[in-house]
Amino acid sequence: MPNWLLPEFIADVLPSEARKMEDLRRKILDEFRSYGYELVIPPMLEYLESLLTGVGQDTEIYTFKLIDQLSGRTMGVRADMTTQVARIDAHLLNRNAVTRLCYAGSILHTRPSGLQATREPLQIGAEIFGYSGIEADAEIQNLALASLKAAGISGVCLDLSHVGVLKALIASDPLAQIFEAQLFDLLETKDMPGLIELTKGFHEDTRTALLALPDMYGDMSVLAEAGKILPKTEGIVRALSELEYLAGQAECDRVTIDLADMHGYHYHSGVMFAAYVPGLPNAIARGGRYDHVAEAFGRSRPATGFSMDLRELARILPAAEKRHVILAPWNDDPKLCQKIKELRKSGEIVVYELPDSRSEHDEFVCDRMLVQNVNDGDWKLETVSNG
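Attention here is on the structure that accompanies the text. (Residues numbered from 1 in each chain as written. Predicted model: local features only at pLDDT ≥ 70, side-chain atom pairs only at ≥ 80, totals over all residues. Heavy atoms only, no water.)

Concerning the environment of E46
Rules: Secondary structure counts use DSSP, requiring at least four H or I residues in a row for a helix and at least two E residues in a row for a strand, with both numbered from the N terminus. Working definition: with a 1.4 Å probe on protein chains only, accessible area under 20% of the residue-type maximum means buried, over 50% means exposed, and in between means partly exposed. Any two residues having at least one pair of non-hydrogen atoms within 4.5 Å are treated as being in contact. The term polar contact refers here to a pair of N or O atoms within 3.5 Å; inside protein, the definition further demands a hydrogen-donor-capable atom paired with an acceptor-capable atom, and it admits residues adjacent in sequence only when both atoms are side-chain atoms.
In this fold, E46 is placed in strand β2 (residues 45-47). Residue classification places E46 among the buried positions, given a relative accessible area of 8%. Those residues in contact with E46 that lie beyond four places of it in its chain are L51, M75, G76, Q84 and R87. A distance of 2.9 Å separates polar atoms of two side chains, one belonging to E46 and the other to Q84. A polar contact of 2.8 Å, which involves the side chain of E46, links it to the side chain of R87.

Below, the structure written as structure tokens:
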């Protein structure tokens, strides 16, 4: 095998795409900052016990593991940064008030998480710690949508779900509690024959509700239908009310409800959302409430947040226009050096043409060049006719 080949689902990012990703990162981080979020940078590696604390089984499967040559302990390469940020809030900042944190960095997966997905996403996200009210969920949801808008993404569909519905149904039936894992698998795949078979012997109300969940997908009318069919327990009533409130807050092209969406069920503790855009099979952003993660660090803090992959964002956006730049000959003339400094300070891009060579660029178009006036020795801009 040639030594320049990369592993499957791992790829280099070439200049024009890298610039597009970096521009997106700056725009989104600026959007986070405008909401009052503080940037943190967690490490790429941690001891496995810390990295996987409080996470679901999916994260453990996606995590690369290795032995630390200094301590002999098992370490992991982060597959998600959310838990790391929760650890920072719980043990390093140690604040009692509401804390808003954001982050951006590479993560690594043992396998791709979806169709056409990379194993090295560039994750960017934001989290609120220390507030259990629905208002924090609304802020995170609105920030996710505002970030997508700032990135130039349109046609967003927001899909809302809530783990409280299934948890309330299971809590009301001892037999359902025994088969929680199987119920999760069947609902995730919407396996109706399996669901019918498994729920034999469940309480009648519980069984009716569980069999109805896979069809509870669509527009806001789903919530009215759910209110009629599902048991009116405190947990279910609260979950439906929260979904209705968040749907009313969403500023996007379309809002859908999916009460059988099990993505993140073992990790999240309340409302969950996913943002989809045309041309991309996977969710462009995912988020929700995860109040129990910080408990594993010994400090209970309510939390809600979201994240997205800058690589996926960049892939669905059109190529950026090439920047017009100025070509300058390699020359030690102080007047030329001063002119170049002034141009760069004003925001222009100036590229030196090295002796006996020519430059090639993916991002730039050299449409002007610096030429010396033979009379006074000053350097002036001239248009390059061939661009």
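Having seen the structure, we can now continue with the description.
Let's talk about the packing of helix α1 (residues 15-34) against helix α5 (residues 134-150)
Quick note on the threshold: Axes here refer to lines fitted to C-alpha atoms; in helices the fit is confined to the stretch in contact. Angles between the N-to-C directions go from 0 to 180 degrees. Handedness of each helix crossing follows the sense of rotation of the near helix against the far helix: counterclockwise by less than a right angle gives left-handed, clockwise gives right-handed. Any residue outside Ala, Val, Leu, Ile, Met, Phe, Trp, Tyr, Cys, Pro, Asp, Glu, Lys and Arg is labelled polar, Gly included; the first ten of those are nonpolar and the last four are charged.
Contact geometry for α1 and α5: axes closest at 9 Å, N-to-C directions at 145°. As for the relative orientation of α1 and α5, their crossing is right-handed in sense. Taken together, the residues of α5 that come into contact with α1 (itself represented by K27, I28, E31 and F32) are L143, A146, S147 and A150. Along the lines of polarity and charge, the residues of the contact of α1 with α5 split into five nonpolar, one polar and two charged.

A closer look at the sheet that holds strand β14 (residues 350-353)
To keep it simple, the criterion reads: Strands are labelled as partners when DSSP assigns at least two bridges between them.
The mixed open sheet is built from four strands, whose spatial order is β14-β13-β15-β16. Bordering the open sheet on either side are β14 and β16 (379-383), each of which pairs with just one other strand. Direction aside, the axes of adjacent strands within the sheet are offset by 40° on average. With respect to the sheet, helix α14 (residues 334-345) is in contact with β13 (323-329), β14, β15 (364-372) and β16, its orientation differing from that of β14 by roughly 150°.

As for helix α4 (residues 82-93)
Let me state the cut-off plainly: Every helix has an expected span of 1.5 Å times one less than the residues it contains.
End to end, α4 covers 15 Å across 12 residues, agreeing with the expected 16 Å (1.5 Å per residue, within 8%). For α4, the tally of buried residues reaches nine of 12 residues, placing the bulk of the element in the interior. The complete set of buried residues in α4 reads T82, T83, Q84, V85, A86, R87, I88, D89 and A90. Elements in contact with the buried residues of α4: β2, α2 (48-51), β5 (99-106) and β6 (122-129). In the segment just after α4, N94 is the residue with positive phi, at about 55°.

Side note on empty space enclosed by the protein
Empty pockets left among the atoms are what a rolling probe the size of a water molecule brings to light. The test is simple: Residues are said to line a cavity or pocket when one of their atoms sits within 4 Å of a point; the points come from a 1 Å grid over protein atoms alone, cavities being sets where a 1.4 Å probe fits but cannot get out and pockets being open sets with protein on both sides within 12 Å along at least five of seven lines. Grid points are joined across faces, edges and corners, and a volume is the space filled by probe spheres set on the points.
Using the criterion set out here, one finds two cavities of 30 Å³ or more in the structure. In this structure, the largest cavity occupies an estimated 60 Å³ of space. Taken together, S161, D261, H263, H268, M272, F273, A274, R286 and G287 make up the lining of the largest cavity. Elements with a minimum of two residues in the lining of the largest cavity: β10 (271-276) and β11 (285-289).

Some remarks on α1
Operational definition: The arc in question is traced by the directions running from the helix axis to the C-beta atoms.
Taking 1.5 Å of rise per residue, the 20 residues of α1 would be expected to cover 28 Å, and the 29 Å separating its terminal C-alpha atoms lies within 8% of that figure. The set of residues buried in α1 consists of K20, M21, L24, I28, L29 and F32. One face of α1 carries all of its buried residues, which in axial projection span an arc of 160°. Set apart from the buried face of α1 by more than 90 degrees, the exposed residues are D30, R33 and S34. Buried residues along α1 sit against β1 (38-39), β5, β6, α5, β12 (303-309) and α13 (310-316). Just downstream of α1, G36 is the residue with a positive phi angle, here 95°.

All we've got here are geometric facts, nothing functional implied.
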